[in-house]
Each structure stands twice: as C-alpha cells, then as structure tokens.
Amino acid sequence: MSEQWWKERAFYQIYPRSFQDSNGDGIGDIPGILSRLDYLKWLGIGAVWLCPVYDSPNADMGYDIRDYEKIMSEFGTLEDFDRLVEELHRRDIKLIMDLVVNHSSDEHAWFVESRKGRDNPYRDYYIWRDGKGGKEPNNWASFFTPSAWSYDEHSGQWYLHLFSEKQPDLNWENPKLREEVYAMINRWLDRGVDGFRMDVISALAKAPGLPDGKGEGYVFTPEYFAFQPRLHDYLREMRRRCFDGRQCMCVGETTFVTTQNANSVVGDGRELDLLFHFDFMDMDGQDGKWNVIPFDLRKFKEILVRWQEAIDWNTLFWGNHDQPRVVSRFGSTATEALRVQSAKMLATAMYLLRGTPFLYQGEEIGMTNFPFTSEQELRDVESLNLLAQARKEGREAWAWNGILHKGRDNARTPMQWEDAPQAGFTTGQPWIAVNPNYHDINVRKAQADPDSILCFYRELLALRQREEALLRGAFRLLLPEHPQLLAYERTLGSDRVIVCCNFSSTPAALPPEFTGKSLLRSGIHDGHMEPYGFTVLADK
Ligand code: ISL
Ligand code: CA
C-alpha cells in the first residue's frame, strides 16, 4: 500500500438506482452508468464509490444483500459490471464498491438456512438468543425499528438486527462466516475493483454477553455495538486476508467514531485507509437526527479543527445517500442566485481542506431537497417506519418536519440530466419522483453556463489538483472567533493558500490582511463579501 492514490483523487458517489436508467423500467442501471462515464471524466473525478449493486430484495435499497456474488437483476449482469470496471479504468478512474457485511438480507441463503432450526450448520452465522420472560433478549433499539430483535416462531428464539428486521446482523465471532466473507471480498478484488466503502463497519463486533443498555424502554446502545475491542481483530484479519499486497483502498463508514478512537482504525495499525465520521452530519440535530436545529458556524469550526488535527488524512463530504441535499441543508434556496452562490461556497469551504473529497451525485449541480407532501411519495424504510411509529405516538407533524429536512429520499430522487421528460433519467416511470425543479436544475443547462455550480465544481477540483499546497499542505484555522467567516490556510514550504468563506446570509468585510493572487472567487467586490461570498488567495 505504498502508492496512496486515494489521496490525490476526488471520489464521486453513485447511487445506481437513481443515476441513469437505460431501458425505460424507471430504475437506474449499470448500462446507464456506462453512458455517463465521459461526464465524470469531464468533471475531474478520479474514483467512483458505487453504492450496492448486489442481488437484493431492496428492503433497504440494496443494503440488504441476498447474494454477494450476483448483480441485482434490475441493474444488469456481471458482464455489465466487468465492462464498467474496464471502461472506468480505461479513463483512469478507480472503482470502489460498497461492502455490506454487518448484516445480510433475511433472504440470503445463509439466513434461510439459519432460521431452519437450532441445529442448522448456519445457525451461528447470525446472532440468535433466547428471550427473557417472553420478551426480547435485551433492550437494544435498532436504527430503523423500536426493538433490535425479531422473534422467530419456528425455533422460538430471537435474532438481532441493528437495522430493519429484514437485515439480520451477521455473527462475526464465527470464524467460518469470516472466511466466507474474505473469500467473497477477494473474488471482487480479483475482478478488478480498487477497494471498498465499508458499511457500518464499526458495528461488526458486539459486546460479549450483549448487556442491556441503561434506560427505560428500548435503548440505542452504541457503547455495546460500536468500536468494541474485537472489531480491531476482525479488521486486521480482513486486511491480511484480503488487502495486503494489493493497490486497493478501504474507507470505513465508522458510525460513532470519535476523534479519540479514530486512530485506532486509520492510524499506524492501518486497519483502514480512510474513515467517514458523522460529526458534521449530526450538527443540525439534537437528541437524534429528527429534532432539527439551525446551523451554527462555531460548532462547525470546532468539529472541523478537531478532525483536521486528530487524523492525518480526512474524508471531505457534505452528503451521501443517507443525508439531505447540502444546499437545502446548510446553504440557501431562498433565491436562484443564493442557491448558486451558497452551493459554490459550501464546496469551496469543504473540498479545499486537507483530505479526499467525496462528492455525492447531483450535488455538483446543486440539487435540492424534494417537496414531499404525502407518504405515497416516500420509499425509504427509515422514513416510513418513523412515520408509522410517530402516528402511534400522535406526533406525525414532528415526523414530517424531520423527513422534509432530513429524510434520506431527499438525496435519492433521480439525477437531473436535462430539461426533458423525467429529467432525462428514464423514458418510463421513475421508481421515485423526479424533483419538479429539473427544468432549471440539470446537467445540460449547467454545462452550457460557465457561471454554473457544475462548471465551478470542475474548476475547484482542477485547482485542488494543481496547487500542491491544497493537495498536500498543512491546515490551520484563521479567524477562529469570527461569527460569519470560515477562514483557513493551507501551507506547503513557502506556498500559502488562504480560503475565506462567508457562511452567512448577510454581507461581511473581507479581512484586509487576506491578500494575494485570487485563484477562485465569487461574490467579492472591493473588500466586500456578499452573502455566501468567498475567495481563495495564493499568498506567495
Ligand atoms: O442514515 C442514517 C440514519 O438516519 C444513518 O444512521 C445510517 O443508518 C448509518 O450511517 C448506517 O448507514 C449505512 O447502513 C445502513 C443503510 O441503510 C445506509 O444506507 C448505509 O449508508 C444499513 O445498511
Ligand atoms: Ca433500468
């Protein structure tokens, strides 16, 4: 792993179901992705993170895998996949796949066997326990359902699922299960993939004895399922069995990682190359994601500095398929001009930090949240379960507020390619509605406009590639107390680049000490910064 190619490339996350449909069935697919590779190249992308494309009943849109060795039939065939690898590589774009091995689908052959009875050889591939006094084995809550346990009538035991009841957790204590997973990983690497984004990888090991969480009712217990000591044994073993000696990379979705324990996975022991933390994504929630609170620049700076200092190399992202659209969330969609200005500013603030950018599809054209008005428009199990539960508790309005701001379907509506029926995504009926704003917000229109968000992203990625200080330089926060501006410098040798962004909807003065040659800017006039204005200065 000497060649750290993943430091020098910008990643683009594709959510295949919503990227490009090729055959009119309303579902994005691999041939559709193939038809858009030149677009990614034009944008300046160096690697793709492909969300799950494995065979799945789609209870959680591919994060519930029925067969790790097959491609989902709606998405295409293994031949299509091989062609994707080949065509990406021909363009010098790397490909990482999603690796979802905390759980499988309940329709996976292992679980089908496992639930046949206590003596089945696959029983121990999952986490089965006896109940306590007719109730669950413990009080753990799941991400998507009140209890993390479901009862199986047939064998009279309960199985653990940290996500939906159709996503039983795999038992990583079982060495046979681990060997099967490693063999599967190796087969994909042998097919030519360049690495993995590892889904909720921090949750593989559960605390021995599965102790009850403290509190009444069902309790969410990351202290018993995230970053358990055995996690590191599994990740090291996986590295030895699968990754050592290959030029591949792994980025962990390390849910509940902290700046204190981060280096236990990406530090010198090098279990993973990169990690995703969710401190920025949790900024606008209080006691869970659904209680929405406003953006706070001070909090943002605190998190940013803490992470830039904690680990040598960060992932830089504003969203993914689990998050709402960033411009709706932390920017402004009050007017078209503000949407454009704030989207550019947010990109500048994030992607010039020290680390590897991960763009989420549609972000580069400033796609926005969806104006959902009814349950029928939703597809995500998380939102649907939330709504059903909230109804029972008589707080549907609260749930709707959460879903409009934070629901995952916001980011899952089809990619907006052009001002044509269904935004050019499909010739049929899309599986989830296209955002009605596609007439104005689409790739074709943005490509024709040099002032568009899209053309700006292209320039920004090129700038990061060109300026050594931005690519490799050290980070330091400037103006830590400023209430409106985020400012930082990146330095390498005698090179110094200053980034200064107005995060507010009111004007600000550009600090006079920030001088130098302008590399990139927008919304700046004679030392005056417009709302969401920003500048990048080379101070040599
Ligand atoms: O989106 C979230 C809840 O609002 C996150 O907590 C998310 O569930 C968590 O980050 C794990 O996400 C990953 O695993 C899930 C899947 O639903 C997500 O799409 C995936 O990114 C289960 O596989
Ligand atoms: Ca299709």
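This text goes with the structure placed above it.
This text gives an overview of the structure that appears in the document. Predicted, not measured: the structure shown is a model, and the values here were computed from it. (Residues numbered from 1 in each chain as written. Chains lettered and ligands numbered in written order. Predicted model: local features only at pLDDT ≥ 70, side-chain atom pairs only at ≥ 80, totals over all residues. Heavy atoms only, no water.)

### Let's talk about the overall build of the protein
Here is step 1: Helices and strands together make up the secondary structure of the protein, namely 16 helices and 19 strands.
Here is step 2: Taking 540 residues into account, the globule formula puts the C-alpha radius of gyration at 24 Å, and the protein, at 23 Å, falls close to it.
Here is step 3: The buried share of the protein, taken over its 540 residues, is 62%.
Here is step 4: Surface summary for the protein: the accessible area is close to 20300 Å², and the carbon and sulfur share equals 49%.
Here is step 5: The averaged location of the 80 negative side-chain charges in the protein is 2 Å from the averaged location of its 62 positive side-chain charges. (Helix = DSSP H or I, 4+ residues; strand = E, 2+ residues; numbered from the N terminus. Rg over C-alpha atoms; globule rule 2.2 N^0.38 Å. Buried < 20%, exposed > 50% of the residue type's maximum accessible area, 1.4 Å probe, protein only. Areas by Shrake-Rupley, 256 points an atom, 1.4 Å probe, with all protein chains shown as cover. Lys, Arg positive; Asp, Glu negative; His and termini not counted. Charge placed at Lys NZ, Arg CZ, Asp CG, Glu CD.)

### Observations regarding the coordination of the calcium ion (ligand 2)
Here is step 1: Here the calcium ion (ligand 2) is held by the protein donor atoms Asp21 (OD), Asn23 (OD1), Asp25 (OD), Ile27 (O) and Asp29 (OD), which lie 2.3 to 2.4 Å from it.
Here is step 2: On the primary sequence, the residues serving as donors to the calcium ion (ligand 2) are separated as D-x1-N-x1-D-x1-I-x1-D. (Donors = N, O, S within 2.8 Å, 3.2 Å for Na, K, Ca; no water.)

### Quick word on the environment of aspartate 92
Here is step 1: With respect to the helices and strands, aspartate 92 occurs in the loop between α3 (78-90) and β5 (94-99).
Here is step 2: Overall, aspartate 92 belongs to the partly exposed group, its relative accessible area being 46%.
Here is step 3: Sequence separation of aspartate 92 and alanine 47 is 45 residues, and the distance between their C-alpha atoms is 8.3 Å.
Here is step 4: Ignoring sequence-local partners within four residues, the contact set of aspartate 92 consists of Arg9, Lys41 and Gly46. (Contact = heavy atoms within 4.5 Å.)

### Topic: the sheet that holds strand β8 (residues 157-160)
Here is step 1: With respect to topology, 3 strands assemble into an open sheet ordered β6-β8-β7, the strand pairing being antiparallel. Since the sheet does not close on itself, it has two edges, and those belong to β6 (128-129) and β7 (149-152), each with one partner.
Here is step 2: Judged from the 4 bridges that link them, β7 and β8 form a sheet pairing that is antiparallel. The residue of β8 that forms the bridge with serine 150 is tyrosine 159. (Pairing = 2+ DSSP bridges.)

### With respect to the site of ligand 1
Here is step 1: Lining the immediate surroundings of ligand 1 are 17 residues, of which Asp60, Glu253, Lys289, Asp322 and Glu382 lie closest.
Here is step 2: Aspartate 199 has a polar side-chain atom sitting 2.8 Å from an oxygen atom of ligand 1.
Here is step 3: The separation between an oxygen atom of ligand 1 and a polar side-chain atom of aspartate 322 is 2.5 Å.
Here is step 4: In isolation ligand 1 exposes 500 Å². Once the protein is present, 93% of that is buried. (Near = heavy atom within 4 Å. Polar contact = N/O pair within 3.5 Å; in protein donor to acceptor, adjacent residues only side chain to side chain.)

### Side note on the environment of phenylalanine 358
Here is step 1: With respect to the element layout, phenylalanine 358 can be found in strand β13 (residues 355-360).
Here is step 2: Those residues in contact with phenylalanine 358 that lie beyond four places of it in its chain are Phe11, Trp49, Val251, Leu274, Phe276, Thr315, Leu316, Phe317, Tyr351 and Glu363.

### A short note on the packing of aromatic side chains
Here is step 1: Going through the model one piece at a time under the given rule, you end up with 44 aromatic pairs.
Here is step 2: On the basis of an interplanar angle of 55° and a centroid distance of 5.1 Å, the ring pair of tyrosine 151 and tryptophan 158 is categorised as tilted.
Here is step 3: Where phenylalanine 370 meets phenylalanine 372, the ring centres are 4.6 Å apart and the plane angle is 40°; that geometry is what we call tilted. There is no split in this pair, since phenylalanine 370 and phenylalanine 372 are both buried.
Here is step 4: Put simply, the rings of Trp140, Phe143, Phe144, Phe163, Phe220, Tyr224, Phe225 and Phe256 pair up and form one aromatic cluster.
Here is step 5: One cation-aromatic arrangement involves lysine 7 over tryptophan 313; the distance from NZ or CZ to the ring centre is 4.9 Å.
Here is step 6: A cation sits over an aromatic face here: lysine 94 above tryptophan 5, 5.0 Å from the ring centre. (Phe/Tyr/Trp six-rings, centres within 6.5 Å; stacked < 30°, edge-to-face > 60°. Lys NZ or Arg CZ within 6 Å of the ring centre and 35° of its normal.)

### Concerning the side chain of threonine 259
Here is step 1: Considering the arrangement of structural elements, one finds threonine 259 in the loop between β10 (249-253) and α8 (263-266).
Here is step 2: Note on threonine 259: relative accessible area 12%, which makes it buried.
Here is step 3: Contact partners of threonine 259, with chain neighbours within four places excluded, come to Arg306, Trp307 and Ala310.

### Looking at the nonpolar core
Here is step 1: Judged by nonpolar contacts, the single largest core of 163 residues is most densely connected at Phe81 and Phe196.
Here is step 2: Tallying contributions element by element places helix α11 (residues 336-351) first for this core, with 8 residues.
Here is step 3: Once residues lying within four places of it in the same chain are set aside, the contact partners of phenylalanine 81 are Ile30, Leu50, Val53, Ile71, Leu95, Met97, Trp188, Arg191 and Val193.
Here is step 4: By size, the runner-up hydrophobic cluster in this structure holds 11 residues, among which are Leu485, Leu510, Met529 and Leu537. (Core = buried A, V, L, I, M, F, W, Y, C linked by side-chain atoms within 4.5 Å.)

### Some details on the pairing of β10
Here is step 1: In terms of burial, β10 is a largely internal element, 5 of the 5 residues being buried.
Here is step 2: In β10, alternate side chains face the same way, and those of Met249, Val251 and Glu253 on one face and Cys250 and Gly252 on the other are all buried.
Here is step 3: Here strand β9 (residues 195-198) runs beside β10; their pairing, made up of 4 bridges, is parallel. Opposite arginine 197, over in β10, you have valine 251 as the bridge partner.
Here is step 4: In the sheet, β10 pairs with strand β11 (residues 274-276) via 3 bridges, with the strands oriented parallel. Across the sheet, valine 251 pairs through a bridge with leucine 274, a residue of β11.

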